[in-house]
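Residue strings, one per chain:
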Amino acid sequence: TTIATNLAALFAADGKEVLLVDADPEQHSALNWCADRPEHLPRVHTISLPARNLRKDADVLRQKWETIIIDGGARLTEHARAAIAAADWLVVPARPSKADLDATAQFIDLAQADMAQRDNLYGGILMNQLQEGTAIGNAAREQIASWEFPIFDNCLHAYVAFADALWQGQAV
């Protein structure tokens, strides 16, 4: 959600018509972020779509919106699969912890299978909440590098500014 909301705010600030799809049926974090977003900031339109509608409505949404960002939640679910099916680009967040990397590895397996079936689906892993110079950060980087999946050069560090921005409907 941190990455999805920050990307949505970035594109909106650039003058794009942005739709942020909250595809996490349990938390609705992207919807909450949008509800908390100050009115003076560039508008980000937000909707919630269950998996069955996300797959079905993806092409219709593409015709209306210049930029669509799907917040697919952090678990390997039907909703995550629907988000992959509807996506052109995947940004796969990976936090440097054993549990998160295990879950990310499962997600990557699913994403690679879907990417192999489509020639118009691209993506990469984005290290999230990284603390540079730590043993766990270095181990996470090594593990991710061993996967056969693209990795973004940049990463997001563990800054309280991300949590503060999310809390206030803003972006870093």
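Use the structure listed above.
Residues numbered from 1 in each chain as written. Predicted model: local features only at pLDDT ≥ 70, side-chain atom pairs only at ≥ 80, totals over all residues. Heavy atoms only, no water.

### A look at the sheet that holds strand S1 (residues 18-22)
Note on sheets: strands pair through backbone hydrogen bonds, and any given pair is parallel or antiparallel. Read from one edge of the open sheet, three strands run S2-S1-S3, paired in parallel fashion. Strands with a single pairing partner mark the edges of an open sheet, and in this sheet they are strand S2 (45-48) and strand S3 (67-71). Looking at each pair of strands side by side, their axes are set apart by 20° on average, direction ignored. (Pairing = 2+ DSSP bridges. Helix = DSSP H or I, 4+ residues; strand = E, 2+ residues; numbered from the N terminus. Axes fitted to C-alpha atoms, helices over the stretch in contact; angles between N-to-C directions.)

### Details of the nonpolar core
In this structure, Ile84, Leu90, Val92, Ile125, Met127, Ile144 and Phe149 are the most contacted members of the largest nonpolar core, which totals 21 residues. Elements represented by at least two residues in this core include exactly helix H4 (78-86), strand S4 (89-94), helix H5 (98-117), strand S5 (122-127) and helix H6 (135-146). Considering every element that reaches this core, the biggest residue donor is H5, with six residues. Look past the residues within four positions of Met127 in its chain and what remains in contact with it is Ala94, Pro96, Ala140, Ile144, Cys155 and Leu156. Leu49, Leu54, Ala58 and Trp65 belong to the second-largest nonpolar core, a separate cluster that totals 12 residues. (Core = buried A, V, L, I, M, F, W, Y, C linked by side-chain atoms within 4.5 Å. Buried < 20%, exposed > 50% of the residue type's maximum accessible area, 1.4 Å probe, protein only. Contact = heavy atoms within 4.5 Å.)

### Quick notes on the side chain of Thr67
If you trace the backbone, Thr67 turns up in strand S3. On the accessibility criterion, Thr67 (12% relative accessible area) is buried. Setting aside residues up to four positions removed in sequence, Thr67 forms contacts with Phe11, Lys16, Glu17, Val18 and Leu19.

### What to know about the pairing of S1
When a strand is regular, its side chains alternate between the sheet's two faces. Burial of S1 is extensive: five of the five residues sit out of reach of the surface. Pairing between S1 and S3: five bridges, direction parallel. Across the sheet, residue Leu20 finds its bridge partner in S3, namely Ile69. Relative to S2, S1 runs parallel, the two sharing four bridges. Directly across from Leu20, in S2, lies its bridge partner Thr46. As a crossover connection, the stretch from S1 through helix H2 (residues 29-36) into S2 is right-handed. (Right-handed = clockwise from strand over helix to strand, strands pointing away.)

### So, the pattern of salt bridges
Applying the stated criterion to the full structure yields six salt bridges. Measuring nitrogen to oxygen at the nearest pair gives 3.2 Å for the salt bridge that ties Asp100 to Arg95. Looking at Asp100, the relative accessible area reads 24%, which means it is partly exposed. Three or more residues joined by partner-sharing salt bridges are found here, namely Asp59, Arg62 and Asp88. (Salt bridge = Lys/Arg side-chain N within 4 Å of Asp/Glu carboxyl O.)

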